[in-house]
Amino acid sequence: MELKSLEIPNILRAKVAVVGESKVGKTALCQQLASDGTNYPKNYLMTHGAGVHVKAINIPDTNDCVEMYLLDSSGKELYTPILEPLWKGSAMFVAVYNVCDEASFGSVVKVRGSIFISFLESYSLTRYDTFQWIEHVTRVVKDGDEKKTDRKLMGVLIANKSDLGDRRVVPPKAGSDLAQQLGLLYFECSNKDYSGVEEPFFYLASEYHKQFEEKSDQIGNFA
Ligand SMILES: Nc1nc2c(ncn2[C@@H]2O[C@H](COP(=O)(O)OP(=O)(O)OP(=O)(O)O)[C@@H](O)[C@H]2O)c(=O)[nH]1
Ligand SMILES: [Mg+2]
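Remember, it's a predicted structure, so these values are computed and weren't measured experimentally. (Residues numbered from 1 in each chain as written. Chains lettered and ligands numbered in written order. Predicted model: local features only at pLDDT ≥ 70, side-chain atom pairs only at ≥ 80, totals over all residues.)

K.L.:
For this particular structure, what's the right way to read the overall build of the protein chain?
P.N.:
A tally of regular secondary structure across the protein chain gives 7 helices and 6 strands. Helices (α) and strands (β) of the protein chain occur, in sequence order from the N terminus, as β-α-β-β-α-β-α-α-α-β-α-β-α. Relative to the 2.2 N^0.38 estimate, which gives 17 Å for 223 residues, the radius of gyration of the protein chain is 18 Å and therefore close to what a compact globule would have. Taken over the C-alpha atoms alone, the protein chain extends approximately 60 × 40 × 30 Å along its principal axes. By residue count, 36% of the 223 residues in the protein chain fall in the buried class. (Helix = DSSP H or I, 4+ residues; strand = E, 2+ residues; numbered from the N terminus. Rg over C-alpha atoms; globule rule 2.2 N^0.38 Å. Buried ≥ 20, exposed ≤ 12 C-beta atoms within 10 Å, placed from the backbone.)

K.L.:
So what exactly am I meant to see when it comes to the sheet that holds strand 2 (residues 50-58) here?
P.N.:
Picture the strands of a sheet paired through backbone hydrogen bonds; they go either parallel or antiparallel. Strand order in the open sheet made by the 6 strands is 2-3-1-4-5-6, with mixed pairing throughout. Both edges of this open sheet fall to strand 2 and strand 6 (185-188), since each of them pairs with a single strand only. Direction aside, neighbouring strands of the sheet carry axes that sit 25° apart on average. Examined bridge by bridge, strand 1 (residues 10-19) and strand 4 (residues 92-98) share 4 bridges and lie parallel to one another. Opposite alanine 17, over in strand 4, you have phenylalanine 93 as the bridge partner. Helix 1 (residues 26-34) contacts strand 1, strand 2, strand 3 (64-73), strand 4 and strand 5 (154-160) of the sheet and is inclined by roughly 35° relative to strand 2. (Pairing = 2+ DSSP bridges. Axes fitted to C-alpha atoms, helices over the stretch in contact; angles between N-to-C directions. Contact = placed C-beta atoms within 7 Å.)

K.L.:
How should I be thinking about the site of ligand 1 in this particular structure?
P.N.:
Lining the immediate environment of ligand 1, one finds 22 residues, of which Ser22, Gly25, Thr27, Thr47 and Gly75 sit closest. The leading source of residues in the shell around ligand 1 is helix 1, at 3 residues. For the shell around ligand 1, the per-class residue count stands at 6 nonpolar, 10 polar and 6 charged. (Near = placed C-beta within 6 Å. Nonpolar A, V, L, I, M, F, W, Y, C, P; charged D, E, K, R; others polar.)

K.L.:
Before we go on, may I ask you to explain the nonpolar core in this structure?
P.N.:
Within soluble globular proteins, side chains that are nonpolar tend to cluster in buried spots. Ranked by internal contacts, the top residues of the largest apolar core, which has 50 residues, are Val16, Val18, Ala95, Val137 and Ile158. Among all residues touching valine 16, those that are not within four sequence positions of it are Met68, Tyr69, Leu70, Leu71, Ser90, Met92, Phe93 and Val94. (Core = buried A, V, L, I, M, F, W, Y, C linked by C-beta atoms within 7 Å.)

K.L.:
Is there a simple way to think about helix 6 (residues 172-182) in this case?
P.N.:
Along an α-helix, residues three or four apart share an orientation, since each turn contains 3.6 residues. When we look at burial in helix 6, the residues that qualify are Ala174, Gly175, Leu178 and Ala179. Burial along helix 6 is one-sided: seen end-on, the buried residues are contained in an arc of 125°. Residues of helix 6 that are exposed and angled more than 90 degrees away from the buried face: Lys173 and Gln180. Of the residues trailing helix 6, glycine 183 is marked for its positive phi of about 70°. (Arc of directions from axis to C-beta.)

K.L.:
Please explain the environment of phenylalanine 202 as it appears in this structure.
P.N.:
Locating phenylalanine 202 in the fold gives a position in helix 7 (residues 199-222). Along the chain, phenylalanine 202 and asparagine 58 lie 144 residues apart, while their C-alpha atoms are 8.8 Å from each other.

So, in structure tokens, the structure goes:
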């Protein structure tokens with residue numbers, strides 16, 4: 001037996017806060033990802049508080065694996081006092097909206113008064129909730145960071161339910177423009193068709209791995 005096949009993988013663990021309005025498909029996303037597309041929940045079952053799903057992603061051309069602990073957070077504002085302590089220590093977030101629900105799009109981001117409203121209006125979108133998922137989760141993680149590292153929380157913006165083309169109200173350009181303004185990468189997916197589900201997580205795992213390698217190099221330089 002080749003010695004290489006006996007090598008034990010290095011496992012990096014990361015907590016991922018999965019956030020967004022109720023019914024946008026966060027639980028479906030986590031379940032589909034963790035089951036490689038075999039566990040799509042057809043019927044809606046509201047998440048009470050949070051659920052945890054695990055996905056291990058191998059980093060190509062390395063012996064490393066990122067184990068992602070997906071914190072599937074309820075989209076009901078009512079649960080945020082329970083969610084806040086759970087979000088602490090997250091290495092990254094995934095913000096999800098439903099392309100057929102404009103209010104779910106408006107509520108993923110910080111509502112920056114008239115600038116944000118005119119941004120929405122330029123896409124003929126007028127509905128938004130006052131709750132701001134990305135702003136909220138990043139603040140909670142930052143406040144909970146005892147080392148005050150000033151590190152930017154990694155994240156992606158996911159437009160879900162792309163299979164419902166005829167009912168779509170949030171155009172791709174609105175999503176990608178918004179993501180660009182927020183310094184995030186934009187992805188589209190359909191949990192139902194299991195298309196585009198893995199890509200955002202491959203991206204996050206790879207970025208996380210890069211950060212780890214940079215840190216290892218720095219430690220190496222000091223040694
Ligand atoms: N057509 C379509 N329906 C989807 C998709 N993803 C999820 N759904 C449906 O949307 C509904 C809500 O999905 P959930 O994953 O439970 O939503 P959630 O964001 O976890 O909702 P909360 O737990 O209330 O926060 C369910 O009926 C799913 O079957 C998708 O990609 N396409
Ligand atoms: Mg859920």
